[in-house]
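Chain by chain, the residues:
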Amino acid sequence: MTGIRTVFSAGPFKVETEESAWRLSSPQWPGFKIGSLTCNVCLSGHKHYPEELRVERLENEEGLRMTWMFKTAGAKIIQDITNHPNHLEISSFFQNLSTKTACLNELALLESAGPGETSFGVRQGEARVYEEGGYWGRVRKLSRSPKPSSEVVEQVSSSEVQGSSQVCWEVYNPFDRMAFLAGFLTFERWLGMVETRFNSCLGVAGWKMGFDAGDVIVYPGESVKLEDVVLMLGRDPWLLLEEFGDIVGEKNRIRSLENPPVSWCSWYPFRLGVSEERVLENARIGAERLKSLGLKNIQVDLGWEKDYLPSSYDENEQFPHGLKWLSEQLEKMGFNLGVWKAPFTISEFDPVAAKHPEWLLGDEKEKPAPYWTWFWKPYGKVYALDLTHPEAQNYLREKISSLAKKGVKYFKLDFMGGPCNPRLRNRYNRRIVAGGGVEAARLGCRLISETLRNIDPECLVLNCNPYEPCGLGYFQLLYTCNDTGNTGYVTWQFMKENYRSVASHLWKNHRWGIIQPSCLCVGPPGTLEEARIRATAAYFSGGEISIGDDLATLPEDRWQVLLSVLPPAGSSAKPVDLFEPVTVEQLSYEDMSRSGSEATAVSIEEDGGNIWVQQVETEWDSWIIAGLFAWEPPKTREGREHLITRFNIPWSLLGLNPDRKYWVYEFWSGQFLGEAPSKPRRGGYTHPGDAGKLLWSSTDETVQVTFFGPAARVLAIREKRSNPWIVGTSFHLTGGGELRNVAWDESKKMLKGELQRPAGQLGFIVAAGIPTRQVRAIVDNRPTPVQPGANGSLIVPMISGENPLHWEICFEDGS
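Predicted model only: the values in this text are computed from it and were never measured. (Residues numbered from 1 in each chain as written. Predicted model: local features only at pLDDT ≥ 70, side-chain atom pairs only at ≥ 80, totals over all residues. Heavy atoms only, no water.)

**Section: the packing of aromatic side chains**
Describing an aromatic ring pair means giving the distance of the ring centres and the angle of the ring planes. Threshold: When the centres of two rings from Phe, Tyr and Trp lie within 6.5 Å, Trp using its six-membered ring, the rings pair. Their planes under 30 degrees apart give stacked, over 60 give edge-to-face, and anything left gives tilted. Remark: exposure states derive from per-residue accessible area (1.4 Å probe, protein chains only) relative to the maximum for the residue type, with buried under 20%, exposed over 50%, and partly exposed in between. Here, a charge over a ring is recorded when the distance from Lys NZ or Arg CZ to the ring centre is within 6 Å and its angle to the ring normal is within 35 degrees.
Inspection of the entire model under this criterion finds 39 aromatic pairs. Measuring from centroid to centroid gives 5.5 Å for Phe629 and Trp631, while their planes differ by 5°, and the two rings are stacked. Summarising the burial analysis for this pair, Phe629 and Trp631 share the class buried. Residue placement shows Arg718 over the ring face of Trp623; its charged tip is 3.8 Å from the ring centre.

Given below as C-alpha cells:
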C-alpha cells in the first residue's frame, strides 16, 4: 500500500492509515503485521465496501477516529481507536444515512484479505493458534487443520486451512516468542467471531473480526452501537488470555463467587429413572460422607418433569410429594435443592406450542420452526422460545419464579443456545437480535437472573450454552466442555479432546464465573485409571465439582478417588504446555532391553494441554502439583510388546529452578520418587525395569516421567529440606493441603502436625529426609507402627477422627 497519511502509536502497536485502509504493526515484534485493514457490511442481502476513509485525531490525542463512508449503501461506520498502556481498543458505530430502513445482515469490523498483507512472524505456519467456542477450545498449528468433522474449522482446499473462534483468538510464535490476541470486549447484541485463512504457499490469506448481525432493523438516520474490540500483544500467551479475561470482566462488571461449590447431579446415575427416593438416599449418604467437604447442592436433572418434557415445570409421579416438600427435606440435611431446566426450549407436546406458536422462533420458511429433535422420551420436535416477544418473556418469568418459590436454589439451565441458532431469524421484534446473535438470549438470561435475585439472592445458576457470552455477568457458573458421559463408554480420543478443551478455558475461572467441567463420574463400569484421569482434570480445573455417581452403590476404591478431590481447589491450574508442547514419546520394550538409555523413542504428541501445574500454599509450606495426562493407549509392536509413554519436561516449564534440589511424590500410587534433579545412574545403564520408578531421569534441564497410558499422574514437588519433612499424603490430591501446623522441632528431633479430614477416612502421610532407622510415631496420643516407603521414605498410617488428628514422628539418635 502507498500514501501513508497518519502514524499513531497505541500501546505496543503502531497504526498507519492510508487512503483506503490501515495497517497494524509493532516495534516489539518486527515480523508481525496486519495490512490492508478495512471494514464491510452486508445490508438487505447485498455486501458493501467503503468508498472513502476519513481519519482524524481524537480530541485528547489518545486515539484516532476512522469514518468509513458507504456512499452507495447510504451508510457509514465510525471507529475510534484508543490507546491503553498494554493494548488498544476499538469502538464502532453503524449509521444508516439513507431514507430507507436497513436490514443489517453481517458486519466485518476488521478484515485483511490480501495475500501477504498479514504476517505472524518467522515460520508462521508453525505458530500456535488459540481458538474456542463455548464447549470447545484448542491450540493448533496455524498451518494444520483439525479433524474434518469440526464444525468451526474446515479445510477449504488441499493447500488452505480455515478456522474461526468465538469472542477471542490468539496466535503465538514460539520462534519469535511473541503473541497477538484479538478479542471482543462486549457481546450485548452480537457474537463476535475471529476468522483466519492460511495458505501453505501464500501464508496468511485472510484475517477477519466480525459477526452475524442477525438481520436487525436499523431505521433511517439511526446510529447503532457495535461490539467493542481489543487488540493485545505480549510474550506470554497465557498471561495475555488472563489479562483479556480481566479486561472483559471489569468492562462487563462480572462478579465471581469466592469459592467453587460442590454439587451432586442425578443425570449419569439415573437419567430419566431419577426419583424422590433415590435423591433422598444419595442426600443422606452425602450428609454423612461429603457435607464436611463442601457438598451443598443436590441437583435433580432431567426426569422429574411431567411426561419428561424439557419445557414442563410440573412434577411427575416419580416425585409424588413435589419439589417444595423435597426442598424442605434436603434443607433439614443442610442441602439446597437444584433442578435441571431447558427454559428456552419448548417441546411440540407442550400445550404452549399449540396455544402460542407466536411465542416461538421461526426460519425463512415457517414459524415456528423446530431447531432439533429431542433425543430422550417423549422425543419429538423442539422449538426455541422467542425472547423478543413480551408475552414469552412473561411466561419465562412466571415459570422460573414458580421453581424458586418451591425452594429451588440451584438451577442447571441447559439447551440455552436455541434463540441464537443462525437459522431462527423469524421473530416478533426485528429490532432485537435473535438467531445469529445473542441479544435475545442475553435478554432472557437477564430476566432469569433478576427474577431469582428478587426471590432469593443466594440462588446459583449454571450456564450451559455453547454460545457462552449469553449468560456472562448474569450467571455464576459456566459449563465449559461437552458432557463427560458415564465412565467406560466414551473413547479416550473424546476424553482427550474434551479435557483439552477444559485446559483451554482455565483462564476464565474466577474471571467470568466459576467453571464446571461437566459431571465428575468416578464409578464403574469404567476402570479405576479412568476415574483417576477424570478426578485429576476436575480438581485441577479449580471449578465446581459436580458429583455424577450413585453414592449408594459406589465402591470404596472409587470413594477414595472422589474424596481425594474434595474440597475443590478454588483456583485453576495452568496448562503449561498448551502453547509450547513438550516432547511426549513412546519407547519399545525390546529397544529398552537392548539399548537402555540409547533406546529409540517415537514422538506421539504435537499438541499441548497434557501438563497442568498448580501452586499449593499452606501456612506450613508451599509447593507445586503437576498433573500429567497420557492419553494414548499403549501401541503394540509386532503384536507382542507394548510401547510405554515418556514425558520430557523442562524444569523451566514447571516454574522451578534446576539449581535447587526437590523431593517428588506421586499421589495416585502413593510413591515417593526421591530427589530431583538426580545424579545419572552408575555407568549410565538403563533398562525397562527403571520405568517402575516413574522418574526415568532428572537432569539439570529436564525431568523424564514414564508410565503407560491412558492414565494420569500427579506429582507433588517440594524443595528438599535439611530435616525430615512431609512430602505427600494419600488423603487429598494436593499431597498435604489437608495438613495443618506441620513443624520440625530440632531440639526434640520431632516432626509434628495435624490432619483435618472427615472422621473415619483411612490413609497415610509420607515423610522423607529420614536420618535414622530409630523412628516412632504417635497418632492421636497412641503409638502407631511406621512402615518403610519407596526411596527411603517413611509411611505413617492413620484414621481421621471427629477432631483434627494430632500426629508426631520422633527420630532417635543412632542408625
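**Concerning the nonpolar core**
Rule in force here: Remark: nonpolar core denotes a set of buried residues (Ala, Val, Leu, Ile, Met, Phe, Trp, Tyr, Cys) joined through side-chain atoms within 4.5 Å. A contact between two residues is defined here by any heavy atoms of the two lying within 4.5 Å.
Residues Phe244, Phe411, Ile547, Leu562, Leu751, Trp807 and Ile809 are the most contacted members of the largest nonpolar core, which totals 166 residues. In this view, Ile809 contacts Lys749, Met750, Leu751, Ile765, Ala767, Val775, Arg776, Ala777, Leu794 and Val796; residues no more than four positions away in its chain are not counted. Among the nonpolar cores identified, the runner-up in size contains 56 residues, and Val15, Ala102, Phe120 and Phe180 belong to it.

**Let's talk about the sheet that holds strand β41 (residues 671-676)**
One key point about sheets: their strands pair by backbone hydrogen bonds, in either a parallel or an antiparallel sense. So the rule is basically this: Should DSSP find at least two bridges between two strands, the strands are regarded as paired. To qualify as a helix, a DSSP run of H or I must reach at least 4 residues; to qualify as a strand, a run of E must reach at least 2; elements of each kind are numbered from the N terminus. Throughout, an axis means a line fitted to C-alpha atoms (over the contacting stretch in the case of helices), and angles, computed between N-to-C directions, take values from 0 to 180 degrees.
Strand order in the open sheet made by the six strands is β33-β36-β37-β44-β40-β41, with antiparallel pairing throughout. Only two strands of the sheet have a single partner each, and these edge strands are β33 (574-575) and β41. Both β33 and strand β36 (residues 611-617) contribute to a ladder of two bridges, which runs antiparallel. Bridged to Pro575 within β36 is Trp612. Where helix α9 (residues 528-541) meets the sheet, its contacts fall on β36, β37 (622-630) and β44 (711-719), and the angle it forms with β44 comes to roughly 50°.

**Some details on unusual backbone geometry**
In terms of backbone geometry, most residues other than glycine have negative phi values and most peptide bonds are trans. Between Lys377 and the following residue, Pro378, the backbone shows a cis peptide bond with an omega angle of 0°. Following the sequence through the fold, Pro378 ends up in the loop between β26 (372-373) and β27 (381-384). Omega for the peptide link from Pro524 to Pro525 comes to 15°, which places this bond in the cis form. The residue Pro525 is located in the loop between β31 (514-516) and α9 in this model. The backbone of His510 shows a phi angle near 70°, a positive value even though the residue is not glycine. Mapped onto the fold, His510 is located in the loop between α8 (492-505) and β31. Although it is not a glycine, Leu694 sits at a positive phi angle of roughly 70°. Tracing the backbone shows Leu694 in the loop between β41 and β42 (695-698). You can call Leu694 buried: its relative accessible area is 6%.

**So, the pattern of salt bridges**
Side-chain pairs of opposite charge can arise where the charged atoms are in close proximity. Definition in use: What counts as a salt bridge is simple: a side-chain nitrogen of Lys or Arg found within 4 Å of a carboxyl oxygen of Asp or Glu.
Inspection of every chain in the model, using the stated rule, returns 47 salt bridges. In this structure, Arg431 engages Glu222 in a salt bridge whose closest nitrogen and oxygen atoms are separated by 2.6 Å. Remark: Glu222 occurs in the loop between β19 (203-218) and β20 (223-225) and Arg431 occurs in the loop between β28 (408-413) and α7 (439-455); sequence separation between them is 209 residues. Between Asp456 and Lys409 there is a salt bridge, and its shortest N-O distance comes to 2.5 Å. With Asp456 in the loop between α7 and β29 (460-463) and Lys409 in strand β28, the pair connects residues that are 47 residues apart, well separated along the chain. A relative accessible area of 26% means that Lys409 is categorised as partly exposed. One connected set of salt bridges, linked through shared partners, spans Glu16, Glu18 and Arg23.

**Looking at the packing of α8 against α9**
Convention followed: Here the word oblique covers every angle except those under 35 degrees (roughly parallel), over 145 (roughly antiparallel) and from 65 to 115 (roughly perpendicular). For this classification, Asp, Glu, Lys and Arg are treated as charged, while Ala, Val, Leu, Ile, Met, Phe, Trp, Tyr, Cys and Pro are nonpolar and the rest, including Gly, are polar.
The N-to-C vectors of α8 and α9 enclose an angle of 10°; their axes lie 11 Å apart at closest approach. The orientation of α8 with respect to α9, classified from their angle, is roughly parallel. The segment α8 lies against α9, with Trp492, Met495, Tyr499 and Val502 engaging Glu530, Ile533, Arg534, Ala537 and Ser541. Classifying every residue of the contact of α8 with α9 by side-chain character gives six nonpolar, one polar and two charged.

**A few points about the state of the cysteines**
Quick reminder of the rule: Disulfide assignment relies on a single distance test, namely cysteine sulfur atoms paired within 2.5 Å.
Considering all chains together, one arrives at zero disulfides under this definition. With no disulfide of its own, Cys39 lies closest to Cys42 among cysteine sulfurs, the gap being 14 Å. Of the residues examined, Cys39 reaches a relative accessible area of 0% and is grouped as buried. For Cys519, which is in no disulfide, the shortest distance to another cysteine sulfur is to Cys265 and amounts to 3.8 Å.

**A short note on the side chain of Ser165**
Basically, it comes down to this: Within 3.5 Å is the distance limit for a polar contact, defined as a pair of N or O atoms, with the added protein rule that one can donate a hydrogen and the other accept it, and that residues adjacent in sequence qualify only through two side-chain atoms.
Secondary-structure assignment places Ser165 in strand β15 (residues 160-166). One polar contact links the side chain of Ser165 to the main-chain amide nitrogen of Glu132, over a distance of 2.9 Å. Sequence-distant contacts of Ser165, defined by excluding residues within four places in its chain, comprise Tyr130, Glu131, Glu132, Gly192, Met193 and Val194.

**A few points about the sheet that holds strand β51 (residues 787-788)**
In spatial order, the strands read β45-β48-β52-β51; together these four strands make up an open sheet with antiparallel pairing. One side of each edge strand has no neighbouring strand; the edge strands of this open sheet are β45 (725-729) and β51. As defined by bridge partners, β45 adjoins strand β48 (residues 762-768) across four bridges and the pair is classed as antiparallel. From the neighbouring strand, Trp725 faces β48, where its bridge partner is Ala768.

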